[in-house]
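# Fold and contact review
Residues per chain are reported as follows:
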Amino acid sequence: MIRVKIKRASALTIIAILALTAGCFAPTPTRTRQDLGGEHVSFTTSDGVLLRGHLYGTGSTGVILAHMYPADQSDWTDFAQVLAAHGYQALTFDFRGFTESEGSSGTEYAGTDLLAAYQFMHTRVSRIYLAGASLGAEAAILVGAREDVAGLILISVPTSFGGIVVTDSIRHVRAPILFVTSAADPLVGGQPEILYREAVAQKSIKVYPGRAHGTAILFGPYGADLQALMLRFIADHQNKK
């Protein structure tokens, strides 16, 4: 199971590198729909696009997991189930144009899509954490700069990607932030550290050895450590607003 995910993550990293070096975005790779478990849910963005996701667990604390490009929500399924086992309510979803969601792929709308997920969860829980990888981390910054969130987990976050620039928005985030990156990540080399320095909120950063990008870190040798790190971050800020 894990071996298959590592190969998939590596292939997606190659696609992302090609898209970046070309200065544009490759078409969203087609993924086969699979039963990811949990409760099947859907919600609509402010511009009318239907997004689909999966909700795991119960509890008064919600964690929204936003995927990277060109992956989909399935990269977060394992950790969503871990969160549910720890008493949290976890939501995964696909950005527009990806696997289960409607619409055409438009990475520049990632913030709009994540905001719709936030609004969906807002009526269900008393506090919300946002966790995102790469593009999903950019979206988390955009939403976290505007909305009341308990904390942000930003994995392999770029300063700009997919028509989004977050160097200004990061300064407006007031919730605690956990930055995570790999020392030799070929996609964002040094950019998470730039945003870490720009952030004015309570913050911490974890740099893992190697080149893994985004949720690929979860499927490599540091996956268990990253899961434990994220769980500690959420637990440590439960009663801080």
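Further up the page is the structure itself.
Presented here is a report on the structure given in the accompanying data block.

What counts, and at which threshold
Residues numbered from 1 in each chain as written. Predicted model: local features only at pLDDT ≥ 70, side-chain atom pairs only at ≥ 80, totals over all residues. Heavy atoms only, no water. Axes fitted to C-alpha atoms, helices over the stretch in contact; angles between N-to-C directions. Helix = DSSP H or I, 4+ residues; strand = E, 2+ residues; numbered from the N terminus. Parallel < 35°, antiparallel > 145°, perpendicular 65-115°, else oblique. Left-handed = near helix turned anticlockwise from the far one by under 90°. Contact = heavy atoms within 4.5 Å. Nonpolar A, V, L, I, M, F, W, Y, C, P; charged D, E, K, R; others polar. Buried < 20%, exposed > 50% of the residue type's maximum accessible area, 1.4 Å probe, protein only. Pairing = 2+ DSSP bridges.

## So, the packing of helix α2 (residues 77–85) against helix α6 (residues 223–236)
Running from amino to carboxyl end, α2 crosses α6 at an angle of 45 degrees, the nearest separation of the two axes being 11 Å. If you check the angle between α2 and α6, you find them oblique. In this structure, α2 meets α6 at a crossing whose hand is right-handed. For the pair α2 and α6, the contacting residues are F79, V82 and L83 in the first and Q227, M230, L231 and I234 in the second. Looking at side-chain class alone, the contact of α2 with α6 contains six nonpolar, one polar and no charged residues.

## Some words on helix α4 (residues 135–144)
Counting buried positions over the ten residues of α4 gives nine, a clear majority of the element. Of the residues making up α4, those classed as buried are L135, G136, A137, E138, A139, A140, I141, V143 and G144.

## Observations regarding the sheet that holds strand β9 (residues 177–182)
The strand order across the open sheet built from eight strands is β1-β2-β4-β3-β5-β6-β9-β10, with neighbouring strands paired in mixed fashion. Where the open sheet ends on each side, the last strands, each with one partner, are β1 (39–44) and β10 (203–208). Strand-to-strand, the axes of this sheet are offset by a mean angle of 20 degrees, without reference to chain direction. Where strand β3 (residues 61–66) meets strand β5 (residues 127–133), six bridges bridge the pair, whose relative direction is parallel. Looking at the pairing, A66 lines up with G132 of β5.

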